[in-house]
Each structure stands twice: as structure tokens, then as C-alpha cells.
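Each chain, written out:
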Amino acid sequence: MIEYYYFDNYLLKNMANFYTGSFYKSAQVKSRLILPIFNQLYIEPEFTYNNWDYIDSDDILAKGEKPTFLQRTDRKYGLNIGFPAGPNLKGIISGSYIN
């Protein structure tokens, strides 16, 4: 995981996370912009990529058999908006598209 912070009149937090294995690969990128309006409103777009490749993994498939499900990929595009809802509460509006 890699995180980078930038402080000015606002706080910008960037995060990247990567994982790779024998048949699973994943990457996630987020950027949270915290604004000093409405008592710390934040906007956070995110992107997640997941890939499963069952042909690359020799330990899952038996030799000589033809698999019917070879590779699966999904992508998630999301946006989170957070705001204070009280002295000890936080409200989050979240939306995502997955294909």
C-alpha cells in the first residue's frame, strides 16, 4: 500500500494498493479530498480492478481437462461523499458502478 498526503487549505490523501498472486491480481486507487467547508466535507473517488485467471494456475485445474470458466475481470468505479451529521456521527453518500 502506498499513501501520499498533501496539506494546504485542504487535505488530499492519495492511496494505491496492489496485490498479485498465482491466479488473482488486484489494484485499487483512491483519492480523498477533505475540504474545510460544512465542517470537513470529503469527496473520495475510487477505482478497483480485480482479475482471476484460472488458466495460469496449475494447482487449481487438472491436466488434460478443458475449463469452461477461464478468466474473470471486474472493475468498480465509485464515489463517496462524507459529511458530519452531528458531534459524533458521520454521514456518507456512496455510489458505485461495477462491470
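Check the entry above for the structure.
I will try to describe carefully the structure that is included in this document. (Residues numbered from 1 in each chain as written. Predicted model: local features only at pLDDT ≥ 70, side-chain atom pairs only at ≥ 80, totals over all residues. Heavy atoms only, no water.)

1. Quick word on the pairing of strand β3 (residues 24-35)
Bridge analysis of strand β2 (residues 11-20) against β3 gives ten bridges, and the strand direction is antiparallel. By the bridge assignment, Asn17 is partnered in β3 with Gln28. In this antiparallel pair of consecutive strands, β2 and β3, the connection spans three residues. Pairing analysis gives ten bridges linking β3 to strand β4 (residues 41-53), with the strands arranged antiparallel. In the sheet register, Tyr24 faces β4, and the bridge partner there is Trp52. (Pairing = 2+ DSSP bridges. Helix = DSSP H or I, 4+ residues; strand = E, 2+ residues; numbered from the N terminus.)

2. Some points on unusual backbone geometry
Even without a glycine there, the phi angle at Gln40 is positive, about 80°. If you trace the backbone, Gln40 turns up in the loop between β3 and β4. Residue classification places Gln40 among the partly exposed residues on the basis of a relative accessible area of 44%. (Buried < 20%, exposed > 50% of the residue type's maximum accessible area, 1.4 Å probe, protein only.)

3. What to know about the pattern of salt bridges
Scanning the entire structure with this criterion turns up three salt bridges. With a shortest N-O distance of 3.9 Å, Glu3 and Lys13 are connected by a salt bridge. Of this pair, Glu3 sits in strand β1 (residues 2-7) while Lys13 is found in strand β2, placing the two residues ten residues apart along the sequence. Arg32 is the salt-bridge partner of Glu44, the closest N and O atoms lying 3.5 Å from each other. (Salt bridge = Lys/Arg side-chain N within 4 Å of Asp/Glu carboxyl O.)

4. Quick look at the sheet that holds β3
Sheet architecture is open: six strands sit in the order β1-β2-β3-β4-β5-β6, paired in antiparallel fashion. A single partner strand is all that each edge strand has here, and the edge strands are β1 and β6 (90-98). Each strand axis lies, on average, 10° off the axis of its neighbour in the sheet, ignoring direction. (Axes fitted to C-alpha atoms, helices over the stretch in contact; angles between N-to-C directions.)

5. Here we look at the packing of aromatic side chains
If you walk through the whole model with that rule in mind, you get six aromatic pairs. Ring plane angle 5° and centroid distance 6.3 Å describe the contact between Tyr5 and Phe7, whose orientation is recorded as stacked. By relative accessible area, which is 39% here, Tyr5 ends up partly exposed. Residue Phe7 is classed as exposed on the basis of its relative accessible area, which comes to 62%. (Phe/Tyr/Trp six-rings, centres within 6.5 Å; stacked < 30°, edge-to-face > 60°.)

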